[in-house]
Amino acid sequence: MALIYEGMTCAICDQSLDIHGAIVATTHFITDESDPLWRFSDAAMHYSCFQQWQHREEFVRKYNATMGTMIWDGKRQHMKMDGSIEYVPADFTHVAASRTKRLGMILSNEAASTLKHLEERTKAARQGYGDPKLRQDIRDRHAAHRDPRAVIDLLTLLFREKFADVTRVDDFQAFRASGLDIVAVVDLRVVDGTSRHPLTAVDIRVHLFDDKACKIGEARGIARRDYLSNPETPGEDSLLNVQAQAVRGVAAQLTLLCK
Ligand SMILES: [Zn+2]
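Just so you know, these numbers come straight off a predicted model, no measurement behind them. (Residues numbered from 1 in each chain as written. Predicted model: local features only at pLDDT ≥ 70, side-chain atom pairs only at ≥ 80, totals over all residues.)

Colleague: Which parts of the structure should I look at to understand the overall build of the chain?
Modeller: Secondary structure assignment for the chain yields seven helices and nine strands. With respect to the three principal axes, the spread of C-alpha positions in the chain is 70 × 40 × 30 Å. Of all intrachain contacts in the chain linking residues separated by at least 6 positions in sequence, the fraction that spans at least 24 positions is 63%. (Helix = DSSP H or I, 4+ residues; strand = E, 2+ residues; numbered from the N terminus. Contact = placed C-beta atoms within 7 Å.)

What follows is the structure, given as structure tokens:
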């Protein structure tokens, strides 16, 4: 809980709070100051303001993805959609009967902007990075080893192996409306190598939540290649290969998670 004191105001509407009335309050669980929800993470809000708040679902998801994954005495906190917090058994070590579960897949905002950035760079590769003298076959070779969206295709194939079916959904609200059983939120970070900084690294994190926005598992795959360490096999360091390797890491963890 945030420090609650007489005279504090609601973080949503800025009006005074009755601290003995119905409020939603959390401890400081968002550490990134650039996060628009940061100032709400160590604050109190009117219960009624919270219910109508446009960021409610994202706030609940972030709470459950951070505070909700910490275990004390075999229990962990779970924030319900109305902002109240309950203690539930910390048993998210496996996904039972995953082959019967219908999965929704959400790309996090970070993943979406990573992909957008990579697509812009791929376009630049195809155009010879603005160098009109670069031969067409070299431009084609630059572009051939790049397919930023391939990582999503590979993850989709992987999820199809583990779950009954996979549907892309935009956000938690769409997931809840869809009636699907489980949602996978995909985070993606990429260091895109250049000839001057020839390291390519891909970090994929898949967070699994049930239909009550309760976290039930996580799978992570990290891969990195440095072209200079392997100069005789061009293409080995390509974005495509590193993405595929990172997905294999996710696959290994998901296999342990899904029963
Ligand atoms: Zn309020």
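Colleague: Please explain the environment of Phe159 as it appears in this structure.
Modeller: Along the polypeptide, Phe159 turns up in helix 5 (residues 150–162). On the basis of neighbour counts, which here come to 24 C-beta atoms within 10 Å, the residue Phe159 falls in the buried class. (Buried ≥ 20, exposed ≤ 12 C-beta atoms within 10 Å, placed from the backbone.)

Colleague: Would you take a moment to explain the pairing of strand 3 (residues 75–79) for this structure?
Modeller: Within a regular strand, side chains alternate between the sheet's two faces. Counted residue by residue, strand 3 has four buried out of five residues, so it is predominantly covered. Looking at chain direction, strand 3 and strand 4 (residues 85–89) are connected through five bridges and run antiparallel. What sits directly across from Arg76, in strand 4, is Val88. Counting the residues between successive antiparallel strands, the hairpin from strand 3 to strand 4 contains five residues, one of them, Gly83, with a positive phi of roughly 95 degrees. (Pairing = 2+ DSSP bridges.)

Colleague: Explanation requested: helix 2 (residues 56–66) in the structure shown.
Modeller: Each α-helix turn comprises 3.6 residues. Residues three or four places apart therefore point the same way. Turning to helix 2, its buried residues number three or more, namely Arg56, Phe59, Val60, Arg61, Lys62, Tyr63 and Asn64. Packing partners of the buried residues in helix 2 comprise helix 1 (47–52), strand 3, helix 6 (172–178) and strand 9 (215–226).

Colleague: Hey, could you run me through the domain arrangement of the chain in this one?
Modeller: By a widespread convention, an interface's size corresponds to the accessible area lost as its parts come together. Each assigned domain of the chain is listed here: domain 1 (23–89) and domain 2 (98–257). Taking only C-alpha atoms into account, the centre of domain 1 sits 28 Å from that of domain 2. On the domain 2 side, the residues contacting the nine residues of domain 1 number six residues. Here the side of domain 1 that touches domain 2 gets five residues from one element, more than from any other, and that element is helix 2. Tallied by class, the residues present in the side of domain 1 that touches domain 2 amount to three nonpolar, four polar and two charged. (Domains from an automatic or database assignment. Nonpolar A, V, L, I, M, F, W, Y, C, P; charged D, E, K, R; others polar.)

Colleague: Before we go on, may I ask you to explain the sheet that holds strand 6 (residues 165–168) in this structure?
Modeller: Adjacent strands of a sheet form backbone hydrogen bonds with each other and so pair up, either parallel or antiparallel. A sheet is described by the order of its strands in space; here five strands give the open sequence 6-5-7-8-9, paired in mixed fashion. Strands with a single pairing partner mark the edges of an open sheet, and in this sheet they are strand 6 and strand 9. When the angles between neighbouring strand axes are averaged without regard to direction, this sheet yields 20 degrees. Relative to strand 7 (residues 182–191), strand 5 (residues 102–107) is paired through five bridges, and the arrangement is parallel. Paired with Leu103 across the bridge in strand 7 is Ile182. Contacting strand 8 (199–210) and strand 9, helix 7 (residues 239–257) runs over the sheet at an angle of about 150 degrees to strand 9. (Axes fitted to C-alpha atoms, helices over the stretch in contact; angles between N-to-C directions.)

Colleague: What exactly am I supposed to notice about the environment of Leu103 here?
Modeller: One can find Leu103 in strand 5. Residue classification places Leu103 among the buried residues on the basis of 23 C-beta atoms within 10 Å. Sequence separation of Leu103 and Asp42 is 61 residues, and the distance between their C-alpha atoms is 33 Å. Those residues within four positions of Leu103 in sequence are excluded, and the remaining contacts are Phe159, Phe163, Asp165, Val166, Leu180, Ile182 and Ala184.

Colleague: Is there a simple way to explain helix 7 in this structure?
Modeller: End to end, helix 7 covers 27 Å across 19 residues, agreeing with the expected 27 Å (1.5 Å per residue, within 8%). All of the buried residues in helix 7 are Leu239, Val242, Gln243, Ala246, Val247, Val250 and Leu254. In an axial view of helix 7, the angular spread of the buried residues amounts to 135 degrees, which keeps them on one side of the axis. The inward-facing, buried residues of helix 7 contact helix 5, strand 8 and strand 9. (Expected span 1.5 Å × (residues − 1). Arc of directions from axis to C-beta.)

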